[in-house]
There are 2 protein chains.
Amino acid sequence: MTNHVITVTLSESKKQKPQSDQLEFGRVFTDHMFVADYCEGQGWTDHRIIPYAPLEMDPAATVFHYGQTIFEGLKAYVGKEGQVLLFRPEENMRRMNKSSERLCMPAFNEEIAIEALEKLISIDKDWIPVTEGTSLYIRPFMVATEPYLGVSPSKKYKFIIILSPVGSYYKEGIHPVKILVENEYVRAVAGGTGTAKTAGNYASGLRAQEIASKKGYSQVLWLDGVERKYIEEVGSMNVFFKINGEVITPILNGSILEGITRKSILQLLRHWDIPVVERKISMEELRSAHQAGTLEEAFGTGTAAVVSPIGELNWGDDIMVVNNNQTGELSKKLYETLTGIQTGKVEDSFGWVVEVTDTVKV
Amino acid sequence: MTNHVITVTLSESKKQKPQSDQLEFGRVFTDHMFVADYCEGQGWTDHRIIPYAPLEMDPAATVFHYGQTIFEGLKAYVGKEGQVLLFRPEENMRRMNKSSERLCMPAFNEEIAIEALEKLISIDKDWIPVTEGTSLYIRPFMVATEPYLGVSPSKKYKFIIILSPVGSYYKEGIHPVKILVENEYVRAVAGGTGTAKTAGNYASGLRAQEIASKKGYSQVLWLDGVERKYIEEVGSMNVFFKINGEVITPILNGSILEGITRKSILQLLRHWDIPVVERKISMEELRSAHQAGTLEEAFGTGTAAVVSPIGELNWGDDIMVVNNNQTGELSKKLYETLTGIQTGKVEDSFGWVVEVTDTVKV
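Residues numbered from 1 in each chain as written. Chains lettered and ligands numbered in written order. Predicted model: local features only at pLDDT ≥ 70, side-chain atom pairs only at ≥ 80, totals over all residues. Heavy atoms only, no water.

- With an unreviewed UniProt entry as reference, chain A is termed Branched-chain-amino-acid aminotransferase, source organism Sporosarcina psychrophila.
- Listed under Sequence similarities (unreviewed entry) in UniProt, the entry text for chain A is "Belongs to the class-IV pyridoxal-phosphate-dependent aminotransferase family." (UniProt positions renumbered as here; feature names shortened; annotations may be inferred.)

Right, here's the structure in full:
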């Protein structure tokens with residue numbers, strides 16, 4: 001694909017792998033990682049797979065002070081015949097470069113990124129869990145490393161990929177969650193960094209999430225930062241509503257992240273001839289639909305949960321129970337189809353799934 | 001002050017100190033740093049001054065992915081009699097704890113923080129430059145270190161203080177700068193993290209700053225994220241306008257940082273009986289004042305530049321030249337008084353200056 005050399009240094013000792021049924025999300029990491037270095041004037045150099053180990057970073061590195069950091073998240077699955085499958089990795093790498101532009105960070109060649117992650121996965125293939133619902137979570141990220149306290153884009157970066165075997169998001173099967181509509185805090189605003197997958201958006205959301213958790217809600221529903229009326233995202237997921245037979249998701253307005261699961265669901269719905277529209281949708285409209293009995297389903301979408309049904313929405317004094325707090329038919333069908341395609345159990349007529357072919361000889 | 005033990009491990013070799021007249025901002029660091037570790041359930045432990053060295057951080061550390069990081073900035077000066085002076089350090093440590101609350105990070109005892117920085121400065125005292133306009137820049141910061149990819153507050157942190165001898169902000173004396181009013185990008189919005197000194201706010205501002213620089217402007221003027229009408233900050237400084245004899249600065253509205261220089265300038269102006277008001281001020285109002293000839297002065301305020309006069313504002317098609325592109329009388333008086341107090345040359349009738357007394361026996 002490219003003639004870029006990725007050197008490999010294998011770990012001398014292998015870590016003990018966790019049991020499939022005891023896996024959590026993002027706590028355990030595999031034996032190796034991919035790293036490349038960037039220096040202004042030289043571009044990206046020293047592409048290497050090395051043993052997973054702490055990074056050495058100057059205390060003055062830009063990432064610690066001015067937050068120049070972006071990331072992606074995707075998953076690898078083992079298919080029926082033992083093949084390793086990725087879901088639309090080119091979409092993640094394309095988005096990563098959109099994020100890097102917003103944060104004044106350098107682009108990373110998308111083909112080399114995919115080559116690097118395929119090679120890394122091949123080396124740590126034994127770490128991919130096979131139990132139903134488990135997967136290998138892949139975290140590519142880029143951080144600014146120049147030791148300089150002036151507020152300006154760093155001249156040095158690291159691009160890193162780490163891997164983490166993760167458990168089933170739904171330990172007891174897919175089930176609806178309770179959501180608190182957030183009226184005080186704001187995740188992002190047009191003109192800010194909401195469309196980029198960058199650290200600051202997540203740091204900003206922690207406080208509201210913490211308050212919601214204490215009240216017994218699993219996520220917050222974010223409203224727009226300007227009018228505080230229109231629905232944007234739920235937790236760190238995109239959000240969909242089925243009202244009177246039509247599926248609605250907030251249109252990408254400059255502060256909403258362009259989710260790859262969101263995009264795939266839009267494609268699936270159109271393929272199934274289910275009416276679907278991307279447009280502004282307000283909490284007032286949602287409440288009216290609920291009162292009229294036409295709010296049929298609501299769900300979040302993202303890489304971690306794929307589809308996360310919403311069973312209850314709390315907006316100030318209003319409690320809106322959706323579909324009797326049961327997983328809706330469409331939510332279930334979308335979840336099963338998408339996870340089926342991702343794991344190779346359902347035919348992929350969209351060309352979304354990529355088989356990892358780089359079997360490294362070691 | 002406290003009975004907290006700060007251990008000291010001195011560097012075996014000393015780095016070469018840069019010449020005073022060649023100092024830049026934030027590129028060179030002293031021989032030592034202060035570090036303390038936090039772990040949920042244990043609190044802050046292992047307070048230590050050690051040789052300045054890279055940090056070892058797990059690639060999955062929260063700071064790299066979800067941006068839980070806050071910082072402060074202040075300066076130390078050498079006074080007439082060789083004494084080391086700090087300017088309102090308790091204000092920085094108080095603000096740091098306000099920032100940490102917004103970012104779901106642990107508080108750090110303010111007295112211990114000041115004790116730590118006094119001790120660190122005493123050890124690296126020879127690094128404080130003495131040439132007019134130079135100083136020792138102090139950067140306390142806190143980063144989240146737990147190796148976990150779930151989006152939730154980290155359970156582990158490091159609090160670190162590093163020191164950097166810095167050059168004069170105005171190499172050729174205080175002079176007015178050109179500012180571009182930013183209409184596309186937004187620094188922060190109410191409900192976001194604008195009032196906290198956290199990385200995401202700075203990452204968000206880089207792109208607009210880069211575009212402005214290419215057009216020949218030294219900073220951008222940030223407008224509010226809701227109506228895009230009201231003035232918030234200039235670059236990473238607070239901003240003041242003198243209109244028809246009255247000084248106006250944007251009121252702290254939930255997205256503006258509460259600057260310590262801003263606060264000191266408000267106190268100085270009130271002390272001098274100069275009319276001053278904190279309120280909303282729009283670009284429309286500023287343009288009207290400029291057209292009427294009543295916009296007498298404009299300046300940014302912050303730790304780095306102290307007072308930075310604005311000579312020209314570009315708002316779309318309007319170019320507004322302020323005070324014939326000359327440093328105004330009030331800007332100059334504020335700059336000279338504040339830097340005079342900070343360096344011990346002007347009597348401090350406010351009790352702002354703290355002399356570093358912790359002379360460590362080594």
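Here the narrative resumes, following the displayed structure.
### Re the overall build of chain A
Here is step 1: Looking only at helices and strands, chain A has seven helices and 19 strands in total.
Here is step 2: Expected size for 362 residues packed as a compact globule is a radius of gyration near 21 Å; at 21 Å, chain A falls within 12% of this value.
Here is step 3: The principal-axis extents of the C-alpha atoms in chain A amount to approximately 60 × 55 × 35 Å.
Here is step 4: Averaging the positions of the 38 positive and the 47 negative side-chain charges in chain A gives two centres separated by 2 Å. (Helix = DSSP H or I, 4+ residues; strand = E, 2+ residues; numbered from the N terminus. Rg over C-alpha atoms; globule rule 2.2 N^0.38 Å. Lys, Arg positive; Asp, Glu negative; His and termini not counted. Charge placed at Lys NZ, Arg CZ, Asp CG, Glu CD.)

### Things to note about the interface of chain A and chain B
Here is step 1: Taken together, the 58 residues of chain A in the interface contact 58 residues of chain B.
Here is step 2: Roughly 5,100 Å² is buried in total at the junction of chain A and chain B, and carbon and sulfur atoms are behind 63% of that figure.
Here is step 3: When residues of chain A are sorted by the area they lose upon contact with chain B, Pro59(A), Phe64(A) and Leu206(A) head the list and together hold 13% of the total.
Here is step 4: Linking chain A to chain B there are four salt bridges. (Contact = heavy atoms within 4.5 Å. Buried area = accessible area lost by both parts, 1.4 Å probe. Salt bridge = Lys/Arg side-chain N within 4 Å of Asp/Glu carboxyl O.)

### Here we look at the side chain of Thr193(B)
Here is step 1: Relative to the assigned elements, Thr193(B) resides in the loop between strand 10 (177–181) and helix 4 (199–214).
Here is step 2: Owing to a relative accessible area of 10%, Thr193(B) belongs among the buried residues under this scheme.
Here is step 3: Residues within four places of Thr193(B) in sequence aside, it is in contact with Ser204(A), Arg102(B), Thr198(B) and Asn201(B). (Buried < 20%, exposed > 50% of the residue type's maximum accessible area, 1.4 Å probe, protein only.)

### Some thoughts on the relation of the copies chain A and chain B
Here is step 1: Mapping chain A onto chain B calls for a screw motion: a turn of 180° about the axis and a shift of 0.0 Å along it, with 0.0 Å RMSD after fitting. With respect to symmetry, the two chain copies, as superposed, fit the operation of a two-fold axis.
Here is step 2: Comparing interface residues between copies, 100% of those in chain A also lie at the interface in chain B; the contact surface is shared. (Least-squares fit on C-alpha atoms with pLDDT ≥ 70 in both.)

### A closer look at unusual backbone geometry
Here is step 1: Of note, Asn324(A) is a non-glycine position whose phi angle comes to about 55°, a positive value.
Here is step 2: The topology assignment puts Asn324(A) in the loop between strand 18 (318–321) and helix 7 (329–342).
Here is step 3: Phi is positive for Asp273(B), which is not a glycine, with a value near 60°.
Here is step 4: Among the secondary structure elements, Asp273(B) is positioned in the loop between helix 5 (260–271) and strand 15 (276–278).
Here is step 5: On the basis of relative accessibility, which here comes to 69%, the residue Asp273(B) falls in the exposed class.

### Remarks on the pattern of salt bridges
Once their charged atoms are close, side chains differing in charge can pair, the charge on each being opposite to the other.
Here is step 1: What the rule picks out here adds up to 43 salt bridges over all chains.
Here is step 2: Put simply, Glu101(A) and Arg207(B) hold a salt bridge, and the shortest N to O gap is 3.9 Å. Of this pair, Glu101(A) sits in helix 2 (residues 89–102) while Arg207(B) sits in helix 4, on two different chains.
Here is step 3: Linked by salt bridges that have partners in common, Arg88(A), Glu91(A), Arg94(A), Lys98(A), Glu258(A) and Lys263(A) make up one network.

### Quick notes on the state of the cysteines
Here is step 1: Enumeration according to the criterion identifies zero disulfides over all chains in this entry.
Here is step 2: There is no disulfide at Cys39(A), and the cysteine sulfur nearest it, in Cys104(A), is 17 Å away. (Disulfide = S-S within 2.5 Å.)

### Side note on the environment of Glu355(A)
Residues and elements named next belong to chain A.
Here is step 1: Here Glu355 shows up in strand 19 (residues 353–355).
Here is step 2: Look at Glu355 and you get partly exposed, because its relative accessible area is 45%.
Here is step 3: Taking the C-alpha atoms as reference points, Glu355 and Gly79, 276 residues apart in sequence, are found 9.3 Å from one another.

### With respect to the packing of helix 2 (residues 89–102) of chain B against helix 3 (residues 110–123) of chain B
Residues and elements named next belong to chain B.
Here is step 1: Where helix 2 meets helix 3, the closest approach of the two axes is 9 Å, and the angle between their N-to-C directions is 130°. For the element pair helix 2 / helix 3, the angle class is oblique. The two elements helix 2 and helix 3 meet at a crossing, and its hand is right-handed. Contacts between helix 2 and helix 3 pair Pro89, Glu90, Met93, Arg94 and Asn97 from the former with Glu110, Ala113, Ile114 and Leu117 from the latter.
Here is step 2: Looking at side-chain class alone, the contact of helix 2 with helix 3 contains five nonpolar, one polar and three charged residues. (Axes fitted to C-alpha atoms, helices over the stretch in contact; angles between N-to-C directions. Parallel < 35°, antiparallel > 145°, perpendicular 65-115°, else oblique. Left-handed = near helix turned anticlockwise from the far one by under 90°. Nonpolar A, V, L, I, M, F, W, Y, C, P; charged D, E, K, R; others polar.)

### Quick word on the pairing of strand 11 (residues 219–223) of chain B
Residues and elements named next belong to chain B.
Here is step 1: Counting buried residues along strand 11, five of its five residues qualify, which places the element largely inside the surrounding structure.
Here is step 2: Residues Gln219, Leu221 and Leu223 of strand 11 are buried on one face, and the alternating residues Val220 and Trp222, pointing to the opposite face, are buried as well.
Here is step 3: Pairing between strand 10 and strand 11: three bridges, direction parallel. Within strand 11, the residue paired with Ile179 across the bridge is Gln219.
Here is step 4: On the question of chirality, the crossover connecting strand 10 to the parallel strand 11 by way of helix 4 is right-handed. (Pairing = 2+ DSSP bridges. Right-handed = clockwise from strand over helix to strand, strands pointing away.)

### Focus on the environment of Ala298(B)
Here is step 1: Its location among the elements puts Ala298(B) in strand 16 (residues 295–302).
Here is step 2: A C-alpha to C-alpha distance of 4.4 Å links Ala298(B) and Phe241(B), two positions 57 residues apart in sequence.

### Focus: the domain arrangement of chain A
Residues and elements named next belong to chain A.
Here is step 1: The assigned domain composition of chain A is domain 1 (7–171 + 351–355) and domain 2 (177–326).
Here is step 2: Computed from C-alpha coordinates alone, the two centres of domain 1 and domain 2 are separated by 27 Å.
Here is step 3: Tallying the contact residues gives 22 residues for domain 1 and 23 residues for domain 2.
Here is step 4: Summing the contributions of domain 1 and of domain 2, the shared interface buries around 1,900 Å²; its carbon and sulfur component is 56%.
Here is step 5: Counting across the interface, domain 1 meets domain 2 through three salt bridges.
Here is step 6: When contributions to the side of domain 1 that touches domain 2 are tallied by element, the ones reaching two or more residues are strand 5 (69–71), strand 6 (74–78) and helix 2.
Here is step 7: With seven residues, the single largest contributor to the side of domain 1 that touches domain 2 is helix 2.
Here is step 8: Across the side of domain 1 that touches domain 2, the residue classes break down as nine nonpolar, five polar and eight charged. (Domains from an automatic or database assignment.)

### A short note on the packing of aromatic side chains
Residues and elements named next belong to chain A.
Here is step 1: Evaluated as defined, the whole model comprises 31 aromatic pairs over all chains.
Here is step 2: The interplanar angle of 5° and the centroid separation of 5.3 Å between the aromatic rings of Phe240 and Phe299 together place this pair among those described as stacked. A residue pair is termed long-range when its members are at least 10 positions apart, and Phe240 in strand 13 (residues 238–243) and Phe299 in strand 16 (residues 295–302) qualify at 59 residues. When sorted by exposure, Phe240 lands in the same class as Phe299, which is buried.
Here is step 3: Through pairs of rings, three or more aromatic residues link up here, namely Phe34, Tyr38, Trp44, Phe108, Tyr157 and Phe159.
Here is step 4: Lying across the ring of Trp272, Lys333 places its NZ or CZ 4.0 Å from the centre. (Phe/Tyr/Trp six-rings, centres within 6.5 Å; stacked < 30°, edge-to-face > 60°. Lys NZ or Arg CZ within 6 Å of the ring centre and 35° of its normal.)

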